Amino acid sequence: MEIRMPIKSYGNYVVAIRQNNEETRERCQQLRVRKLSPEEQQKAYRDQGVSEEVMPTHQILFHDFGCKRIIEGKLTENEEDRAIFQVQDKEYVFFPFLPKRP
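Note that this is a predicted model, so its numbers are computed, not measured.

(A) A look at the sheet that holds strand β6 (residues 90-96). One closed barrel holds the six strands; their spatial order is β1-β2-β3-β4-β5-β6, and the pairing between them is antiparallel. The average undirected angle you get between the axes of adjacent strands in this sheet is 45 degrees. Here strand β1 (residues 12-19) pairs with strand β2 (residues 22-35) via eight bridges, running antiparallel. Looking at the pairing, N12 lines up with Q29 of β2.

In structure tokens, the structure reads:
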């Protein structure tokens, strides 16, 4: 499945990380999203007994505060203005950063 949100190489994005009833937001850059191949899913998850309903579908790479982050999650919402991934017990919401206009 293709990600519908436009992803630019050097764009600025916001990542909202939701866990339980808490949410933190950070700016991030150099967002990359790639679909995991069936072979990668088999080796990393199916062979370990992870069920299909929670098995990650994509690898997400981004930089925040100068640190490179790599996560693998299941795409749960795919819209033109945001992409949401479930990563274990956390939900990662990515959307473009839009500066405030005066």
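(B) Molecular detail of the confidence of the model for the protein chain. For the protein chain, per-residue confidence averages 93 on the pLDDT scale, and residues scoring 70 or more make up 99% of the total. Here helix α1 (residues 38-44) stands out as the element of the protein chain with the lowest mean pLDDT, 92, in contrast to β6, whose mean of 97 is the highest.

(C) The arrangement of the packing of aromatic side chains in detail. Using the criterion set out here, one finds two aromatic pairs in the structure. Seen in terms of ring centroids, F62 and F94 are 5.3 Å apart; in terms of plane orientation they differ by 70 degrees. Their pairing is edge-to-face. Taken as a pair, F62 in strand β3 (residues 58-64) and F94 in strand β6 lie far apart in primary sequence, 32 residues in all. Exposure class is identical for F62 and F94. Each is buried. Cluster of aromatic residues (ring-pair linked, three or more members): F62, F85 and F94. Lying over the aromatic face of F97, R27 brings its terminal NZ or CZ to 4.0 Å of the ring centre.

Reading guide: rules and limits
- Residues numbered from 1 in each chain as written.
- Predicted model: local features only at pLDDT ≥ 70, side-chain atom pairs only at ≥ 80, totals over all residues.
- Heavy atoms only, no water.
- Pairing = 2+ DSSP bridges.
- Helix = DSSP H or I, 4+ residues; strand = E, 2+ residues; numbered from the N terminus.
- Axes fitted to C-alpha atoms, helices over the stretch in contact; angles between N-to-C directions.
- pLDDT = per-residue confidence, 0-100.
- Phe/Tyr/Trp six-rings, centres within 6.5 Å; stacked < 30°, edge-to-face > 60°.
- Buried < 20%, exposed > 50% of the residue type's maximum accessible area, 1.4 Å probe, protein only.
- Lys NZ or Arg CZ within 6 Å of the ring centre and 35° of its normal.

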